[in-house]
Amino acid sequence: EVQLVESGGGLVQPGGSLRLSCAASGFTFSSYGMHWVRQAPGKGLVWVSRINSDGSSTRYADSVKGRFTISRDNSKNTLYLQMNSLRAEDTAVYYCARDYGGIDYWGQGTLVTVSS
Amino acid sequence: QSVLTQPPSASGTPGQRVTISCSGSSSNIGSNHVYWYQQLPGTAPKLVIYRNNQRPSGVPDRFSGSKSGTSASLAISGLRSEDEADYYCAAWDDSLRGVVFGGGTKLTVL
């Protein structure tokens, strides 16, 4: 059974940093690209970033480019999202998701709140 | 402002058939597969249609998808109360080099 478990969310002040993790199990992690998608409270889904299976290629939404960094450790079956210079508008539930041509499996999400 | 356009709401009575539309452009729906997700309140999204019209195992055959040109649609037949949820379409966008989503459609079962 595919499982994706996010962690690392919490309350952070504007301008601060946070690193999210996503532990993957139930599939060969190193064979799949992965995504981060976020959802602000009461709003829709917004794609944040994608990394390919070996970590050599990454993509970012314009809204996070230069502030967020996606990475992965295939030896630990773990996906990361380093978030710097956080803004109030980054407040959202962050989901990690598996790429199978498009997104197929989603984690349960971790809430990031940016507030003073 | 979402790149893909969905109606904000849809409704139907139990047993009815409802359709949710998703409109895009040549750089997304027009040249890539469409995916549909169901999000029940307080839960993570769940894939219900992939590659335009394929159903993952475990998804009832009441759910079907189609695509024509730069538009796609999700149809749910034999509507049930447990289908009440938010539905999102998504596709890769070749110009933006990322995944784009619709704004979501809230389906109400009356």
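Residues numbered from 1 in each chain as written. Chains lettered and ligands numbered in written order. Predicted model: local features only at pLDDT ≥ 70, side-chain atom pairs only at ≥ 80, totals over all residues. Heavy atoms only, no water.

**What about the overall build of chain B?**
For the record, the criterion: Think of it this way: any DSSP run of H or I at least four residues long counts as a helix, any run of E at least two long counts as a strand, and we number them from the N terminus. We compute the radius of gyration from the C-alpha atoms alone; for a globule the expected value is 2.2 Å times N to the 0.38, where N is the number of residues. Using a 1.4 Å probe on the protein chains alone, a residue whose accessible area is under 20% of its type maximum counts as buried, one over 50% counts as exposed, and one in between counts as partly exposed. Note on areas: Shrake-Rupley, 1.4 Å probe, and residue coverage restricted to the protein chains presented here. Residues scored as charged are limited to Lys and Arg (positive) and Asp and Glu (negative), so that His and the chain ends carry no count. Every charge is mapped onto a representative atom, which is NZ of Lys, CZ of Arg, CG of Asp or CD of Glu.
Counting secondary structure elements, chain B contains 0 helices and 9 strands. Here the C-alpha atoms of chain B give a radius of gyration of 13 Å, agreeing with the 13 Å that 2.2 N^0.38 yields for 110 residues. Principal-axis analysis of the C-alpha atoms gives chain B an extent of 40 × 25 × 25 Å. Buried positions account for 45% of the 110 residues belonging to chain B. Total accessible area computed for chain B in this model is approximately 5,100 Å², and 46% of it derives from carbon and sulfur atoms. Averaging the positions of the 9 positive and the 7 negative side-chain charges in chain B gives two centres separated by 5 Å.

**Digging into the environment of Thr110 of chain A**
Residues and elements named next belong to chain A. Rules: In protein, a polar contact requires one atom able to donate a hydrogen and another able to accept it; more generally it is a pair of N or O atoms within 3.5 Å, and residues adjacent in sequence count only if both atoms are side-chain atoms.
Mapped onto the secondary structure, Thr110 falls in strand β11 (residues 110-114). Between the alpha carbons of Thr110 and Arg67 there is a distance of 19 Å; along the sequence they are 43 residues apart. Within the local environment of Thr110, its side chain forms a polar contact with the backbone nitrogen of Gly9, the two atoms lying 3.1 Å apart.

**A look at the pairing of strand β1 (residues 9-12) of chain B**
Residue and element names in this part refer to chain B. Quick note on the threshold: Two strands make a pair as long as DSSP finds a minimum of two bridges between them.
Only one face of β1 is buried, namely the one carrying Ala10 and Gly12, since none of Ser9 and Ser11 on the opposite face is buried. Across 4 bridges, β1 lies against strand β9 (residues 105-109) in parallel orientation. Opposite Ala10, over in β9, you have Leu107 as the bridge partner.

**So, the sheet that holds strand β5 (residues 63-68) of chain B**
Residues and elements named next belong to chain B. This is how it is decided: For helices, the fitted line uses only the C-alpha atoms of the stretch in contact; every axis is such a line through C-alpha atoms, and the angle between N-to-C directions lies from 0 to 180 degrees.
The sheet built from 3 strands is open, its strands ordered β2-β6-β5 with antiparallel pairing. Each edge of the open sheet carries a strand with a single partner, namely β2 (18-23) and β5. Geometrically, the sheet is characterised by an average inter-axis angle of 20° between neighbouring strands, direction not taken into account. Pairing of β5 with strand β6 (residues 71-76), which is carried by 6 bridges, proceeds in the antiparallel orientation. Of the residues in β6, the one forming a bridge with Ser66 is Ser73.

**Concerning the sheet that holds strand β8 (residues 78-83) of chain A**
All names here are of chain A. Pairing within the open sheet is antiparallel, and its 4 strands lie in the order β1-β3-β8-β7. Each edge of the open sheet carries a strand with a single partner, namely β1 (3-7) and β7 (68-73). Averaged over all adjacent pairs, the angle separating strand axes in this sheet is 15°, with direction ignored. In the sheet, strand β3 (residues 18-25) pairs with β8 via 6 bridges, with the strands oriented antiparallel. When the sheet's bridge partners are listed, Cys22 is paired in β8 with Leu79.

**Focus: the state of the cysteines**
Inclusion rule: Disulfide: a pair of cysteine sulfur atoms within 2.5 Å of each other.
Evaluated as defined, the whole model comprises 2 disulfides over all chains. A disulfide bridge connects Cys22 of chain A with Cys96 of chain A, and the sulfur atoms are separated by 2.0 Å. Disulfide Cys22 of chain A-Cys96 of chain A: torsion about the S-S bond near 40°, hence right-handed. Taken together, the positions of Cys22 of chain A in strand β3 and Cys96 of chain A in strand β9 (residues 92-100) put the pair 74 residues apart, joining distant regions of the chain. Its relative accessible area of 0% is what places Cys22 of chain A among the buried residues. Under the relative-accessibility criterion, Cys96 of chain A is labelled buried at 0%. Two residues, Cys22 of chain B and Cys89 of chain B, share a disulfide whose sulfurs are 2.0 Å apart. Disulfide Cys22 of chain B-Cys89 of chain B: the torsion about the S-S bond is 75°, which places it as right-handed. Residue Cys22 of chain B is found in strand β2, and its partner Cys89 of chain B is found in strand β7 (residues 85-93); the two are separated by 67 residues along the sequence.

**Regarding the interface of chain B and chain A**
Keep this limit in mind: Any two residues whose heavy atoms approach within 4.5 Å are treated as being in contact. By definition here, a salt bridge exists when the distance from a side-chain nitrogen of Lys or Arg to a carboxyl oxygen of Asp or Glu is within 4 Å.
Counting residues at the interface gives 15 residues for chain B and 19 residues for chain A. Run the count over chain B and chain A and you get 0 salt bridges. The tally of links from chain B across to chain A stands at 5 residue pairs in polar contact (both at pLDDT 80 or more). Mapped by element, the contributors of at least two residues to the side of chain B that touches chain A are β3 (34-39), β7 and β8 (98-101) of chain B.

Honestly, it's all geometry; don't read function into it.
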